[in-house]
Structures are given as C-alpha cells and as structure tokens.
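The primary structure of each chain is shown beneath.
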Amino acid sequence: MDSPTPPFTVAQEIASFLVSYGILSKAWGFLGSNTESFILKEVEGIAYVAFPSFHDIEDFIVKESKYGEGNIQTDNKVFSDCLKGNDDKPALVHQGALKLFLHILKNTDFEAELQSYTDRKQKKLKPIIFVGHSLGGAVATLATLWVLEKRVRNSSPFCITFGCPLVGDVRLVEAVRRENWAGNFCHLISKYDIVPRMLLAPFQSIVKPLTAIFPYWQGILPYSFIQDDCRTLLENVLKYTSTEANNGLDPIKVLDGTNDESSPYRPFGTYMLCSSHGAACVENSEAVLNLLHCTMQSQEKSSDDIVRACISEHSDYGSVLEHVRQYSISGREIGNSNSESSYTMGILLQLQAMGVEIQNVEYAKNALLKAGTVENIHNMNVSKLAIDLSVAQRSMTELEWYKEHCESEDGITYYDSFKEKNDRKDSRSNVNREKLLRFWDGIIEMWESNELPCDFQSQNKWINAGNTYRKLVEPLDIAHYYNRPGNSNYLSAGRPNRHKILQKWMEEKEKTRGSRGQRPRTKPTALTEDSCLWAYVEEARRDLENLKQGQPQSLGNLEEFEDNVTRMINTRSISLDVFLETSSFMTWWEEWKGYNKKQYSTWSSPLYEIMQSESWKV
C-alpha cells in the first residue's frame, strides 16, 4: 500500500503564509483592543472583523442540553439547510455562540458594515478575515459560515481563531467538507489552553470551577484564589478528552445516538497546535481530536505548572505567536533519526513542534498514521472508482447510440422502445442498464458506509457523471417498472434509492452554482432535466382513464402535469424526442386534448397554444 497521505502539507502552507505576512499578529492585535461586540477595520486591503472573548460566563454556559448543543437552523432561518449532515439532519452547534452571533446580527450594524465594505469593492474580490478569541472565536466561526453559505457578493472570507472552543458536531464537519470550506478556517491552540478542550466534557463537570475561574480572565482575581478550581477543571476535562481520543471519531455512533456519553463536538478546518518549540498544523478531524488530548500530557512540567498554564495560556496568545514566528512553523532536531523513514521523520518533527513529549510521541504518531491511512484508503477507493467509471462509460455510450437510433431510424422514443422490448437492441440496452445499475448502487453503498471522502458527493466529476447517468438511464428504469403489470406509482413506490441520492447531490451542488448566476438555455436540452418525466406521463395516462371513469379528483393532477410540461418547454428543459408523434406523451396529449374539447369546444390552455403552434421546436 502507498504511504498514507501527509497530514501536514496543505495546512502547513496556509500557516506559513499567515505567519510570514504578519496576518496572525495583526488579527490578535485587533482582539486586544476590542471591547465592543465586534469591530471592522481595513488594513492593507484586508478587512478584519474581530469578535472579542466573552464578557459574561452565562454566554458560555447553556443549561438546556448536556453539552450546550442545539440546532443551527433557528426559527428566523439565519442559516440555510445546506448546513446539514449527509443524513439530511441539521448540524448542531454551541447555543451560547449561536445566540451571541444572532444577537450581533440583529442588534448591531454588523451586516450593514459588511455589506458596505463589499459594495465598495464593486467587482473586486477582496478578503475578509473574521477573527475571534475564546467564545468570540466560535462567533467568528459562525459569522464565516454565514458569509460562506450566503455567498456574499465580492467577499472571500477566512476565519482565524485563538483558543476557540469546538463549535459544531459531525454533521457540521460533513457540511463544511462537502462545501469545500475547510480551508477557510484556521484555529490556533496553545499547548495547555483548556478552553478548546472544554466542550468535550459535559457542562455539569465544568460549570462550577469555570464560574470560579472566570474572574481571573477578567483581571479581577489573582491566580492564588482559583488554583483548586483550576485543578478540578483540568482533571475533569482531561478525563473526557481521554475518552474522546480513545473512542476516535466514529460518525456512525455519534449520528445514530448509540454513543450518548460522547460529546457531539468535532473539529473542522486547519488546527495550528502551538508550543514553545513552534507549531504544526493538522486538518484531519480525528487526528486533531487525539492531539488535543496528548499535547496536554507532560512530564517536563510539574502538575502545578500545568494547572496554571491551562488557564494562563488562554489569554496569552501574543507570546504564543512570538514562539511560532521564531520557529517558522517547524520542529526541533531529534535523536535516533537514522532508523526512521523520511515520512515518519517528518511526522516526528511536527509532533515535537506541537509540544508532544517523548512519552506520547508513539501514541500521537500512530493516531496521525491511522488518520492518514483512512484518508489514503478513501482516496484509493475513489481512484478505483474512476477506473470503473471509464468502463461504465462504454455502457453509457451504447445507450446514447440506442437513444439516437430509436429516434432517427425507428421514429420512436427510446423510452417507448425499451418499454415494448420487441427488438434485440432493446435487450442489449437492458444489459447495459443493469451494468450501470450495479456500478452506481455500489457507489451509493460505499458512500453510505463511509468508505469515500466526506466531500465525494460535491466533487464535480461525480456530480456530473451521476447527473448524466440519471437523466439518460432513469427513463429506462421507469419503462422497466411500468412494463410489469400491477405496479403502482413509480415515484412513491418504485424509484430506486440511487436516483434519489444522485438527484439530491445535484440539487445541493446547484445551490452553489445557482448563486453565481446561470444563463438561460437558448435551445432545448438533449436530455430532459427531470429524469422522472416518463413516470409523470404514465401517471397522467392513468389519471386520464380514471377521470373518464368518473373520478373527478384526478383532474387536479392532470392540470398540474400540464402546467409542469408548459414550464419545461418554456425553460427548454425538455428534450425534443418527447414530442415524437408515437411517443407516450403525445398519445396522452391527444387524448387529454380530445377530452377537454369534448367538454368545452372553446377549451384552450398555454400548453394547447404551444402544441398547436409547435413552438416547442424553437
């Protein structure tokens, strides 16, 4: 097997850029001078939007749930349903951070200032960096997500947080990866800072000591007054970070509720884990979870020093940045290097830069290697599928030929020809249909079993391949379904799961593409956009027979179908083969027109006018 995917490469480049250009130092500087709910300042062509640390302990503590989590989709619909998991359920986020962000959005001029800035840039795409410390980092994260999902014009958002608690659950991680937004977030965490780990523990275990400690961060109490509370907080949090690290990231258990004792929160984005020896960056969510635990373990410091550091480092990211700048995101020299591969050596150097001590290096290294191996397996699966896709394309090509031959040589739609199955070419097409069925069912099974990357369903290659397959082949699945007597409605009882999922993937992608504006078609599409059209035709034929038999409730369905066909013609999203003289649609249309003319000799409709003038040809 190939070496696992390097866990640092891309993230490290991002971090080096942020350090080299002084962006991290500027970001921290804005936080130090900010006492408002937010500030927006433009420096050297970059807009910094800074959210300070929380000023009230009640902002952090949420009593309504065990870990303070709740639905991101509130009644006022600030966030859309794109922030959901692969199971279509909405993401969960920390409710304290969400309430703070919603308050800022509603009660300040945050949105107006942001809009004013982007409007001034006209057609220029300028960066906006959202910055936050502590709970303000969680607010900055939500603000960045808000801009990303709204696709705010002329904006290129990026988020930098310092000592930020975890914000969302596995579903939010999946949504961020699906939308390719992970690269828009960089979270700095000091070696002993307790806050980024706190939400791995339930509130009942941290609320009392945290309430006692909070005045220290405000500069009200000296450390000597809170030392015992700091020790209690650290012990409680470490117990749960250890549990999470040992359990690993198991999204199935988290999502189906079989691991109720586990915190719902999971990392996403780039994590810059810092120590006095420098810093290293990791993107893999499971690896970050393990490193949040093992970087706090130490035999070099006394227990009293660790207790103090876990509180003091939270407010001292200025010193952290000095160390990061000094070491330029790199590690120390280590001994006994001759026996290690260059890949493993690279990992060891980065682990030491994070501050992982020698007794924990093997554990941390294995966690990174395991995460890299899983990612590598996912990538290998995709590579194999790409080869299989090229083979499947042969069946697609044969079906495209079949469609063209039916129309040009036989004067019949491939849907109607396949339904009748009177020719060898129809049987051959059924063989190709079944080959493609097995291929795409296999992909869906792998995706549902978490054997593919989280963002697989948003990759253009697979979106486009699945969409073309669905539009070309689902009509044959519909014909196969209705060819069997006694079958009920295909849409409610017979549609395969693969078509539903492929359609959902396409619709999710269209939300992104649609925001950029699409030109209207100037000529009819080669394949009807609605791959279920022929199922609607079959049901319309049934409804018409029922109407003739005295069932007036079918009339509404027929009128709705007629309206939908009119819309498809007007948007040129229906292919011309539908209007072949012998097609099932034309058979229905002649009967439907005759029925209405019999009822009212002057009957007309928008579709009637189109069909009479044959303007569908234009």
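Residues numbered from 1 in each chain as written. Predicted model: local features only at pLDDT ≥ 70, side-chain atom pairs only at ≥ 80, totals over all residues. Heavy atoms only, no water.

A. Quick peek at unusual backbone geometry. In the Ramachandran plot, glutamate 44 falls in the positive-phi region, its phi being about 55 degrees despite a non-glycine side chain. Its location among the elements puts glutamate 44 in the loop between strand 1 (39–43) and strand 2 (46–51). A positive phi is found at lysine 421, a non-glycine position, where the angle reads about 50 degrees. Positionally, lysine 421 belongs in the loop between helix 17 (414–420) and helix 18 (424–448). Judged by relative accessible area, lysine 421 falls into the partly exposed class, the value being 28%. (Helix = DSSP H or I, 4+ residues; strand = E, 2+ residues; numbered from the N terminus. Buried < 20%, exposed > 50% of the residue type's maximum accessible area, 1.4 Å probe, protein only.)

B. Expanded view of the sheet that holds strand 10 (residues 270–275). Spatially, 1-2-5-6-8-10-11 is the arrangement adopted by the seven strands of the open sheet, whose pairing is mixed. Only two strands of the sheet have a single partner each, and these edge strands are strand 1 and strand 11 (278–282). Looking at each pair of strands side by side, their axes are set apart by 20 degrees on average, direction ignored. Sheet topology note: the strand 10/strand 11 ladder contains five bridges and is antiparallel. Note that in strand 11 the partner of methionine 272 across the bridge is cysteine 281. (Pairing = 2+ DSSP bridges. Axes fitted to C-alpha atoms, helices over the stretch in contact; angles between N-to-C directions.)

C. Fine view of the pairing of strand 2. The element strand 2 is extensively covered by neighbouring structure, given that six of its six residues are classed as buried. Residue alternation in strand 2 divides its side chains into two sets, Ile46, Tyr48 and Ala50 and Ala47, Val49 and Phe51, and both sets are buried. Both strand 1 and strand 2 contribute to a ladder of five bridges, which runs antiparallel. If you follow isoleucine 39 over to strand 2, its bridge partner there is alanine 50. If you look at the hairpin formed by strand 1 and strand 2, you'll find two residues sitting between the two strands, and glutamate 44 has a positive phi there, around 55 degrees. Two strands pair when backbone bridges link them, and strand 2 and strand 5 (residues 126–133) are joined in this way by five bridges, in the parallel orientation.

D. Examining helix 19 (residues 460–482) more closely. Relative to the 33 Å expected for 23 residues at 1.5 Å per residue, helix 19 spans 32 Å between its end C-alpha atoms, a close match to the ideal helical length. The sharpest bend along helix 19 reaches about 40 degrees and sits at valine 473, with the proline proline 475 one to four residues further on. Burial runs high along helix 19: 18 of the 23 residues are buried. (Expected span 1.5 Å × (residues − 1). Bend = angle between axes of the 7 residues up to and from the residue.)

E. Here's a closer look at the pairing of strand 8 (residues 185–190). Within strand 8, six of the six residues are buried, which leaves it mostly tucked inside the rest of the structure. Residues Phe185, His187 and Ile189 point to one face of strand 8 and Cys186, Leu188 and Ser190 to the other, with burial holding for every one of them. Sheet analysis places strand 6 (residues 155–162) next to strand 8, joined by four bridges and oriented parallel. Bridge pairing in strand 8 links isoleucine 160 to cysteine 186.

F. Geometry of the packing of aromatic side chains. Using the criterion set out here, one finds 36 aromatic pairs in the structure. Feature note: the residues Phe561, Phe579, Phe585, Trp588, Trp589, Trp592, Tyr595, Trp603, Tyr608 and Trp616 constitute an aromatic cluster, connected by ring pairs. (Phe/Tyr/Trp six-rings, centres within 6.5 Å; stacked < 30°, edge-to-face > 60°.)

G. Highlighting the packing of helix 5 (residues 110–120) against helix 6 (residues 135–150). Across the interface, helix 5 lies against helix 6 with an axial gap of 13 Å and an inter-helix angle of 50 degrees. On the basis of their axis angle, the class for helix 5 and helix 6 is oblique. As helix 5 packs across helix 6, the resulting crossing turns out to be right-handed. Seen from helix 5, the contacting residues are Phe110, Glu111 and Leu114; seen from helix 6, they are Ala143, Trp146 and Val147. Of the residues belonging to the contact of helix 5 with helix 6, the class tally is five nonpolar, no polar and one charged. (Parallel < 35°, antiparallel > 145°, perpendicular 65-115°, else oblique. Left-handed = near helix turned anticlockwise from the far one by under 90°. Contact = heavy atoms within 4.5 Å. Nonpolar A, V, L, I, M, F, W, Y, C, P; charged D, E, K, R; others polar.)

H. Region of interest: the packing of helix 22 (residues 533–548) against helix 23 (residues 554–570). Direction vectors running N to C along helix 22 and helix 23 enclose 145 degrees, while the axes themselves pass 9 Å from each other. The element helix 22 and its partner helix 23 pack so that their crossing is left-handed. Packed against helix 22, whose contacting residues are Leu533, Tyr536, Val537, Ala540, Asp543, Leu544, Asn546 and Leu547, the element helix 23 presents Ser554, Leu555, Asn557, Leu558, Phe561 and Met568 at the interface. A breakdown of the residues in the contact of helix 22 with helix 23 according to their chemical character gives ten nonpolar, three polar and one charged.

I. A look at the pattern of salt bridges. Within this structure, the stated rule accounts for 27 salt bridges. Between lysine 84 and glutamate 508 there is a salt bridge, with the nearest N and O atoms lying 3.0 Å from each other. With lysine 84 in the loop between strand 3 (69–71) and strand 4 (92–94) and glutamate 508 in helix 21 (residues 497–514), this residue pair connects regions lying 424 residues apart in the sequence. Taking relative accessible area as the criterion, lysine 84 reaches 10% and is therefore assigned buried. (Salt bridge = Lys/Arg side-chain N within 4 Å of Asp/Glu carboxyl O.)

J. Highlighting the state of the cysteines. This structure, assessed with the given rule, holds zero disulfides. Residue cysteine 164 stays outside any disulfide, its sulfur separated by 7.3 Å from that of cysteine 159, the closest cysteine. (Disulfide = S-S within 2.5 Å.)

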